[in-house]
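# Examining the three-dimensional arrangement
For reference, the chains in residue letters:
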Amino acid sequence: NAGVTQTPKFQVLKTGQSMTLQCAQDMNHEYMSWYRQDPGMGLRLIHYSVGAGITDQGEVPNGYNVSRSTTEDFPLRLLSAAPSQTSVYFCASSYRVPGANVLTFGAGSRLTVL
Amino acid sequence: DAKTTQPPSMDCAEGRAANLPCNHSTISGNEYVYWYRQIHSQGPQYIIHGLKNNETNEMASLIITEDRKSSTLILPHATLRDTAVYYCIVRGLYGNKLVFGAGTILRVKS
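Since we're looking at a predicted model, the values are computed, not measured. (Residues numbered from 1 in each chain as written. Chains lettered and ligands numbered in written order. Predicted model: local features only at pLDDT ≥ 70, side-chain atom pairs only at ≥ 80, totals over all residues. Heavy atoms only, no water.)

### Here we look at the overall build of chain B
- A tally of helices and strands in chain B yields zero helices and nine strands.
- Across chain B, helices and strands are ordered from the amino to the carboxyl terminus as β-β-β-β-β-β-β-β-β.
- On the principal axes, the C-alpha backbone points of chain B span a range of 40 × 30 × 25 Å.
- Residues counted as buried form 45% of the 110 residues belonging to chain B.
- In chain B, of all internal contacts separated by at least 6 residues, the share reaching a separation of at least 24 is 56%.
- Surface exposure of chain B reaches about 5,500 Å², of which carbon and sulfur atoms provide 50%.
- The average position of the 11 basic charges and that of the 9 acidic charges among the side chains of chain B differ by 5 Å. (Helix = DSSP H or I, 4+ residues; strand = E, 2+ residues; numbered from the N terminus. Buried < 20%, exposed > 50% of the residue type's maximum accessible area, 1.4 Å probe, protein only. Contact = heavy atoms within 4.5 Å. Areas by Shrake-Rupley, 256 points an atom, 1.4 Å probe, with all protein chains shown as cover. Lys, Arg positive; Asp, Glu negative; His and termini not counted. Charge placed at Lys NZ, Arg CZ, Asp CG, Glu CD.)

### Brief notes about the state of the cysteines
Residues and elements named next belong to chain B.
- A complete count under the given rule lists two disulfides over all chains for this structure.
- Each sulfur of the disulfide joining Cys22 and Cys88 lies 2.1 Å from the other. Because the sign of the S-S torsion sets the handedness, a value of about -80° for the bond joining Cys22 and Cys88 places this disulfide among the left-handed ones. Residue Cys22 is located in strand 2 (residues 18–23), and its partner Cys88 is located in strand 8 (residues 84–91); the two are separated by 66 residues in the primary sequence. Of the two residues, Cys22 and Cys88, both sit in the buried class.
- With no disulfide of its own, Cys12 has Cys22 as its nearest cysteine by sulfur position, at a separation of 18 Å. (Disulfide = S-S within 2.5 Å.)

### Quick look at the pairing of strand 4 (residues 31–37) of chain A
Residue and element names in this part refer to chain A.
- Buried residues dominate strand 4, accounting for seven of its seven residues.
- In the sheet, strand 4 pairs with strand 9 (residues 87–94) via seven bridges, with the strands oriented antiparallel. Looking at the pairing, Tyr35 lines up with Phe90 of strand 9.
- Alignment of strand 4 against strand 5 (residues 43–51), held across six bridges, turns out to be antiparallel. Within the sheet, the bridge partner assigned to Met32 lies in strand 5 and is Ser49.
- In textbook terms, the turn of a hairpin is the stretch between consecutive antiparallel strands, and for strand 4 and strand 5 this stretch comprises five residues, one of which, Gly40, has a positive phi near 75°. (Pairing = 2+ DSSP bridges.)

### Let's talk about the pattern of salt bridges
- Applying the stated criterion across every chain, the model contains five salt bridges over all chains.
- For Lys109 of chain B, the salt bridge identified is with Asp11 of chain B, shortest N-O distance 3.3 Å. A residue pair is termed long-range when its members are at least 10 positions apart, and Lys109 of chain B in strand 9 (residues 104–109) and Asp11 of chain B in strand 1 (residues 9–13) qualify at 98 residues.
- Lys109 of chain B sits in the partly exposed class, given a relative accessible area of 44%.
- For Asp82 of chain B, the salt bridge goes to Arg37 of chain B, with nearest N and O atoms at 2.8 Å. Linking Asp82 of chain B in the loop between strand 7 (70–75) and strand 8 with Arg37 of chain B in strand 3 (residues 32–38), this pair joins segments that are 45 residues apart in sequence. Of the two residues examined, Asp82 of chain B and Arg37 of chain B, each falls in the buried class.
- Here the residues in one salt-bridge network are Arg36, Asp38 and Arg44 of chain A, joined through shared partners. (Salt bridge = Lys/Arg side-chain N within 4 Å of Asp/Glu carboxyl O.)

### Some details on the environment of Tyr46 of chain B
- Residue position: Tyr46 of chain B is located in strand 4 (residues 45–50).
- With 12 residues separating them in the primary sequence, Tyr46 of chain B and Tyr34 of chain B have C-alpha atoms 8.0 Å apart.
- Setting aside residues no more than four positions away along its own chain, Tyr46 of chain B makes contact with Val102 and Leu103 of chain A together with Tyr34, Trp35, Tyr36 and Met59 of chain B.
- A distance of 2.6 Å separates polar atoms of two side chains, one belonging to Tyr46 of chain B and the other to His49 of chain B. (Polar contact = N/O pair within 3.5 Å; in protein donor to acceptor, adjacent residues only side chain to side chain.)

### Quick look at the sheet that holds strand 3 of chain B
Residue and element names in this part refer to chain B.
- An order of 1-9-8-3-4 is seen for the five strands of this open sheet, with the pairing classed as mixed. Of all strands in the sheet, those bounded by a partner on one side alone are strand 1 and strand 4. The mean angle between the axes of side-by-side strands here comes to 25°, regardless of whether they run parallel or antiparallel.
- Taken together, the five bridges between strand 1 and strand 9 define a ladder with parallel strand orientation. Bridge pairing in strand 9 places Ser9 opposite Ile105. (Axes fitted to C-alpha atoms, helices over the stretch in contact; angles between N-to-C directions.)

Dropping the structure here:
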């Protein structure tokens, strides 16, 4: 049981490049989400999914795309990276149990856009 | 989901109880109080949650006032490894947009 696995741990991109941050969980969690965290700030929700085939926007969705074709995977795509997307990205998942939505977070992916 | 207010930072002596307050005066009847913490550079970690009754687990205790407008997270015997940012979050039954505020930086000192 690996929990939530994020890859890569570190990535450097040039402005305009595209890339995908991978997130996989082996706990059969229905709910998955992506956050970004900038220095000195809390986590901000980018996108989330309540099940395969269902995604929705969070607080800061612009510049990011997601899809959820399987229960296990929830990749985050940057189509044209910008320096403002330099951040640490966290993926999280949980069961959708009323009153018990306990999130399990991955270790994070640190992205630098030059 | 209701907004929460936490002090920006607190200090605690090692071995003493750490009491972290959180105000959530606009909480509604079906919203839960969750606490997470984030140790430097790591992913956040779930600590505890509750609706109206006090809760205790192996990590901490959660005390929720009778009117539910505030709560306190208690780490009974703080250690240096408890130094982290602690987030208080209010979330509905199926609250999908889990919003993290700035949290409280807890510094445990020897």
